[in-house]
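# Commentary on secondary and tertiary structure
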Amino acid sequence: MNALINELKTRARLWLTLLQNDNANAHKRAQVLCRQQRWDVPDGWQLRHCFNLAAADIGFSHWEHARHVLSGQAQAGDDMGDFWHGPEVAGLSNLWYANYADAEMQLQSDPHLCLLPYRRQFLLVSAYYLEALQLDLDAGLWHGLQRNLMLAYASPAWQALALQRLQNSRVDRFAQ
């Protein structure tokens, strides 16, 4: 079991505790996610529901989708979710590509951009985007990844950045 899956399991247990304790913010977010995913809101929340909530909250369709991608099992062409995108970056401009080869060619021509997956598409983003996601901008780390999260998928450096992304969007925000 990797740290990403463990973090997501912990997050699901936190969701369950918050929902069982009638946390209004957690209930509101759960209802929003259920509506977005077209899931029925259960009469009684169980851990299996919260696994799906935790996955949907970070940009995946459901628990198995998140487990597949975060455990490093996804293949080229698979849906990578919108884990590397979120409301904090929605207003930032970036370059979108449906084709990996086109995105990679553009990446090679601009040393200031980084390539991130978005579902079955690709984004080229600037340091402002990465800062908004609260990711480590260590040039050595990104250079080691060749500024390409698809090329470095499932590597230890990719996992470290994915863990940062997870930790920067924890459900403890509901307790506020």
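Structural data are supplied above this passage.
Residues numbered from 1 in each chain as written. Predicted model: local features only at pLDDT ≥ 70, side-chain atom pairs only at ≥ 80, totals over all residues. Heavy atoms only, no water.

### Describing the packing of helix α1 (residues 3-20) against helix α4 (residues 63-70)
To characterise two packed helices, one gives the angle between the axes of the helices and the distance between these axes. This is how the line gets drawn: Whenever a helix is involved, its axis is fitted only over the stretch in contact; in every case the axis is a line through C-alpha atoms, and angles between N-to-C directions fall within 0 to 180 degrees. Labels follow the DSSP assignment, with helices taken as runs of H or I lasting at least four residues and strands as runs of E lasting at least two, numbered in each case from the N terminus. Working rule for angles: under 35 degrees goes down as roughly parallel, over 145 as roughly antiparallel, 65 to 115 as roughly perpendicular, anything else as oblique. Each crossing gets its hand from how the near helix is turned against the far one by less than a right angle, where anticlockwise is left-handed and clockwise is right-handed. By definition, residues are in contact when any of their heavy atoms lie within 4.5 Å. Amino acid classes used here: Ala, Val, Leu, Ile, Met, Phe, Trp, Tyr, Cys and Pro are nonpolar; Asp, Glu, Lys and Arg are charged; the rest, including Gly, are polar.
Relative to each other, α1 and α4 sit at 155 degrees, their axes nearing to 9 Å. On the basis of the axis angle, α1 is roughly antiparallel to α4. For α1 against α4, the interelement crossing comes out right-handed. When α1 is examined against α4, the residues Leu4, Ile5, Leu8 and Lys9 are found in contact with a partner set consisting of Trp63, Ala66, Arg67 and Leu70. In terms of residue class, the contact of α1 with α4 is made up of six nonpolar, no polar and two charged.

### Structural notes on the nonpolar core
Note on soluble globular proteins: their nonpolar side chains tend to be buried together. Spelled out, the test is: Put simply, a nonpolar core is a bunch of buried Ala, Val, Leu, Ile, Met, Phe, Trp, Tyr and Cys residues held in one set by side-chain atoms that sit within 4.5 Å of each other. For every residue, the accessible area obtained with a 1.4 Å probe (protein chains only) is divided by the maximum for its type, and the residue is called buried under 20%, exposed over 50%, and partly exposed between those limits.
Counting residues in each nonpolar core, the largest one holds 57 residues, and the members touching the most others are Leu53, Leu70, Trp84 and Trp142. Per-element tally for this core: the top contributor is α1, with eight residues. In this view, Trp142 contacts Cys114, Leu116, Leu130, Leu135, Asp136, Leu137, Arg147, Leu149 and Leu161; residues no more than four positions away in its chain are not counted.

### Things to note about the packing of aromatic side chains
Any aromatic ring pair is given by two values, namely how distant the centres are and how the planes are angled relative to each other. Put simply, the rule is: The rule is short: rings of Phe, Tyr and Trp, with Trp giving its six-membered ring, pair when the centres are within 6.5 Å, and they are stacked under 30 degrees, edge-to-face over 60, tilted in between.
Applying the stated rule across the entire model yields seven aromatic pairs. For the pair Phe83 and Trp84, a centre-to-centre distance of 4.9 Å together with 80 degrees between the ring planes defines the contact as edge-to-face. Across this residue pair, the class does not change: Phe83 and Trp84 are buried. A ring pair is formed by Trp96 and Tyr118, whose centres lie 4.7 Å apart and whose planes are at 80 degrees; its orientation type is edge-to-face.

### Let's talk about the layout of surface pockets
The criterion, for reference: Using protein atoms alone on a 1 Å grid, points that fit a 1.4 Å probe yet trap it form a cavity, whereas open point sets bounded by protein on both sides within 12 Å along at least five of seven lines form a pocket; residues with an atom within 4 Å of a point count as lining. Grid points are joined across faces, edges and corners, and a volume is the space filled by probe spheres set on the points.
In this structure, the largest pocket encloses a volume near 510 Å³. In this structure, the largest pocket is lined by 24 residues; those nearest its centre are Ala56, Asp57, Ile58, Gly59 and Asp82. Taken together, the elements giving at least two residues each to the lining of the largest pocket come down to α2 (24-37) and α3 (47-57). Considered as a void within the structure, the second largest pocket measures approximately 180 Å³ in volume. Around the second largest pocket sit twelve residues that line it, and His112, Cys114, Leu137, Trp142 and Arg147 are the ones nearest its centre. Among the elements of the structure, α6 (127-132) and α7 (139-144) are those that each provide at least two residues to the lining of the second largest pocket. Here the lining of the second largest pocket takes three residues from α7, the largest share from any one element.

### So, the environment of Gln46
Definition in use: The definition of a polar contact used here is a pair of N or O atoms within 3.5 Å, where within protein one atom must be able to donate a hydrogen and the other to accept one, and adjacent residues in sequence count solely through side-chain atom pairs.
Among the structural elements, Gln46 can be located in the loop between α2 and α3. Along the primary structure Gln46 and Arg13 are separated by 33 residues, whereas in three dimensions their C-alpha atoms are 9.4 Å apart. A polar contact of 2.9 Å, which involves the side chain of Gln46, links it to the side chain of Arg48.

### Concerning the sheet that holds strand β1 (residues 95-97)
The strands that make up a sheet are held in pairs by hydrogen bonds between backbone atoms, and each pair lies either parallel or antiparallel. Worth spelling out the cut-off: Two strands make a pair as long as DSSP finds a minimum of two bridges between them.
In spatial order, the strands read β1-β3-β2; together these three strands make up an open sheet with antiparallel pairing. The sheet is open, and its two edges are formed by β1 and β2 (114-118), each paired on a single side. Adjacent strand axes in the sheet meet at a mean angle of 25 degrees when their direction is disregarded. Strand direction decides the pairing type here: β1 and strand β3 (residues 121-125), joined by three bridges, are antiparallel. When the bridges of β3 are listed, Trp96 appears paired with Leu123.

None of this, on its own, says anything about what the molecule does.
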